[in-house]
Amino acid sequence: MWKNLNSEILRLTQQGKYVDAVWLAHNAVKVAEKKFGPQDPKVASSFNNLATLYRIIGRYEDAERYYGRSLNIREKTLGTDHPSVAISLNNLAGVYRVQGRLTEAEPLYIRSLKIRQKALAPDHPDLGQSFNNLGLLYKSQGRYAEAEDFYQQALAIWEKALGSDNPNVATVLENMAELYKKTDRE
């Protein structure tokens, strides 16, 4: 039942039916807690999915709360250096970034990157995500040279791992173009 709920949540999300998806995501949390126990990594995944929906609809306080719960469970059950912990850190940092809470986001992004660098291959796409997100953060802080360096690292990873036609490559190229425009290097 939990897997079916998650499939339906994904389908509704892809259709833009976020209110329905949120309702199902709350049910998925309840089902996971009952079936697997309140500290199971599947519960953490359910909290993460719920938080992502709240982030999408702009309910950042709810997103922060559920990303935090996901992070807490993952750290306790999987250890502090597990790639799933990096996902939770990255997601929570993203909520802080969109809220303008940049000094709170930075250590989470950095910790997520360090976990991924230790746990994943050097050309893993998740590393590209970490580099791109740090680039976004540093651009927001006016730290343009650092932002450019992180964007370039993301671009190299994503081009190698995903190919030059991948949407992630387009995203980082757009981020770099915005940075170049901001720094009068059009």
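Preceding this section is the structure that the text describes.
Basis of the calculations
Residues numbered from 1 in each chain as written. Predicted model: local features only at pLDDT ≥ 70, side-chain atom pairs only at ≥ 80, totals over all residues. Heavy atoms only, no water. Helix = DSSP H or I, 4+ residues; strand = E, 2+ residues; numbered from the N terminus. 1 Å grid on protein atoms, 1.4 Å probe; cavity = no way out; pocket = protein on both sides within 12 Å on 5 of 7 lines; lining within 4 Å. Points joined across faces, edges and corners; volume = space filled by probe spheres on them. Nonpolar A, V, L, I, M, F, W, Y, C, P; charged D, E, K, R; others polar. Buried < 20%, exposed > 50% of the residue type's maximum accessible area, 1.4 Å probe, protein only. Contact = heavy atoms within 4.5 Å. Phe/Tyr/Trp six-rings, centres within 6.5 Å; stacked < 30°, edge-to-face > 60°.

### Thoughts on the environment of Leu108
You can see Leu108 is positioned in helix H6 (residues 102-119). For the pair Leu108 and Asn90, spaced 18 residues apart in the sequence, the C-alpha separation amounts to 6.5 Å.

### Let's talk about the layout of surface pockets
For the largest pocket, the calculated volume is near 360 Å³. Lining the largest pocket are 17 residues, and of these Arg55, Asn90, Asn91, Gln129 and Asn133 sit closest to its centre. Broken down by element, the lining of the largest pocket gets its largest block of residues, six residues, from helix H5 (residues 83-98). Grouping the constituent residues of the lining of the largest pocket by class yields seven nonpolar, eight polar and two charged.

### Some details on the side chain of Glu106
The residue Glu106 is located in helix H6 in this model. A relative accessible area of 17% means that Glu106 is categorised as buried. Leave out the neighbours within four places in its chain, and Glu106 touches Leu137, Tyr138, Gln141 and Arg143.

### Overview of the packing of aromatic side chains
Enumeration over the complete set of coordinates arrives at five aromatic pairs. Summarising the aromatic geometry, the rings of Trp2 and Phe36 are spaced 5.6 Å apart at their centres and angled 80 degrees between planes, so their arrangement reads as edge-to-face. Linking Trp2 in helix H1 (residues 2-14) with Phe36 in helix H2 (residues 18-36), this pair joins segments that are 34 residues apart in sequence. Take Trp2: its relative accessible area is 11%, and that puts it in the buried class. Here Phe36 falls in the partly exposed class, since its relative accessible area comes to 27%. Geometrically, the ring pair formed by Phe47 and Tyr66 is stacked, given 5.7 Å between the ring centres and 15 degrees between the ring planes. Taken together, the residues Phe47 in helix H3 (residues 41-56) and Tyr66 in helix H4 (residues 60-78) connect sequence positions 19 residues apart. Tyr66 gets classed as buried once you look at its relative accessible area, which sits at 10%.

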